[in-house]
Amino acid sequence: LAELGTALGLAPLQEPSVLSAVKDLLDTCARRATGLEGLLVLARGLSSLRGEAAVLDAVIDRALMEAAHRVVSCLSLRQLQLGAPALGEVWNRPGVDGELLSVSLREALAASLDAGFDVGVAATFAGVVEALAAQRLPGDPTEGYVACLFAARMASLLSSAGLVEVDRVEAEVLPRL
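Summarised in this report is the structure supplied together with it. For every chain, the first residue of the written sequence is number 1, and numbering continues from 1 onward in sequence order. Selection of residues for local features in this predicted model requires a pLDDT of at least 70, selection of side-chain atom pairs for listing and counting requires 80 or more, and totals for whole chains, interfaces and linings are taken over all residues. For the side-chain quantities, the full set of heavy atoms in the structure was used; hydrogens and water were omitted.

1. Quick word on helix H4 (residues 54-72)
Part 1 of the argument: Each helix is a run of H or I in the DSSP string that is no shorter than four residues. Each strand is a run of E no shorter than two, and both are numbered from the N terminus. By this rule the span expected of a helix is its residue count minus one, scaled by 1.5 Å. For H4, with 19 residues, the first-to-last C-alpha span of 27 Å sits near the 27 Å given by 1.5 Å per residue.
Part 2 of the argument: When H4 is considered as a whole, its buried residues turn out to be Leu56, Asp57, Val59, Ile60, Ala63, Leu64, Met65, Ala67, Ala68, Val71 and Val72. Buried means the residue's accessible area, taken with a 1.4 Å probe over protein chains only, is under 20% of the maximum for its type, while exposed means over 50%, and partly exposed covers the values in between.

2. A closer look at the packing of helix H2 (residues 16-32) against H4
Part 1 of the argument: Angles run from 0 to 180 degrees between N-to-C directions of axes, and those axes are lines fitted to C-alpha atoms, restricted for helices to the stretch in contact. At their nearest, the axes of H2 and H4 sit 9 Å apart, and the two run at 25 degrees to each other. By the angle class used here, H2 and H4 are roughly parallel. Note on packing geometry: the crossing formed by H2 with H4 is right-handed. For the pair H2 and H4, contact is made by Leu19, Val22, Lys23, Leu26, Asp27, Ala30, Arg31 and Arg32 and by Val55, Leu56, Val59, Ile60, Arg62, Ala63, Ala67 and Arg70, respectively.
Part 2 of the argument: For this scheme, ten residues count as nonpolar: Ala, Val, Leu, Ile, Met, Phe, Trp, Tyr, Cys and Pro. Four count as charged, namely Asp, Glu, Lys and Arg, and the remainder, Gly too, count as polar. Residues that form the contact of H2 with H4 fall into these classes: ten nonpolar, no polar and six charged. For classification, angles of less than 35 degrees are called roughly parallel, those exceeding 145 degrees roughly antiparallel, those between 65 and 115 degrees roughly perpendicular, and all remaining angles oblique. Left-handed describes a crossing whose near helix is turned anticlockwise from the far helix by less than a right angle; the clockwise case is right-handed. Pairs of residues are marked as contacts when any of their non-hydrogen atoms sit within 4.5 Å.

3. Points about the pattern of salt bridges
Part 1 of the argument: One speaks of a salt bridge when a side-chain nitrogen belonging to Lys or Arg is within 4 Å of a carboxyl oxygen belonging to Asp or Glu. Across all of its chains, the model carries eight salt bridges by this definition.
Part 2 of the argument: Residues Glu130 and Arg176 are paired through a salt bridge, measuring 3.7 Å at the closest nitrogen-oxygen approach. Of this pair, Glu130 sits in helix H8 (residues 119-134) while Arg176 sits in the segment after helix H10 (163-173), and the two are 46 residues apart along the sequence.
Part 3 of the argument: Linked through salt bridges whose partners overlap, the residues forming this network are Lys23, Asp27, Arg62 and Glu66.

In structure tokens:
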């Protein structure tokens, strides 16, 4: 992307074929982004291109948001927890639509609560909430539907839990919420 920034100063972007080629290159770079670290590298690189040519800002924003949705919506709880700082930085980049990214994050969080919910998953989920809260993301992606889903799963778990599981919830989950 650094070389592209240099070339953009020389490229006749008013030509549709040149603009299309740049768009295709940006799309290819966005498709190659994997994981939160890859997404962060992409976001940093694309941010450096913003302002090079006004006609490209919308193309850059679209490529970044498509990559962000693809990456974030498929993350596991562990990946979200470990990658919360990277997600926080991506979230605050110019051109990132926090509302759309919040939808992707809610998808990932809700998917993690679908099956196999136990004290370990609850503790990991609480750790993710804690890590995301530390990033102070605009709007709370865990409120609403995901919070209700987590509460319902916890209620179901606790209704059939033994004393050992209740103690684990008290020790591992509640302090993080």
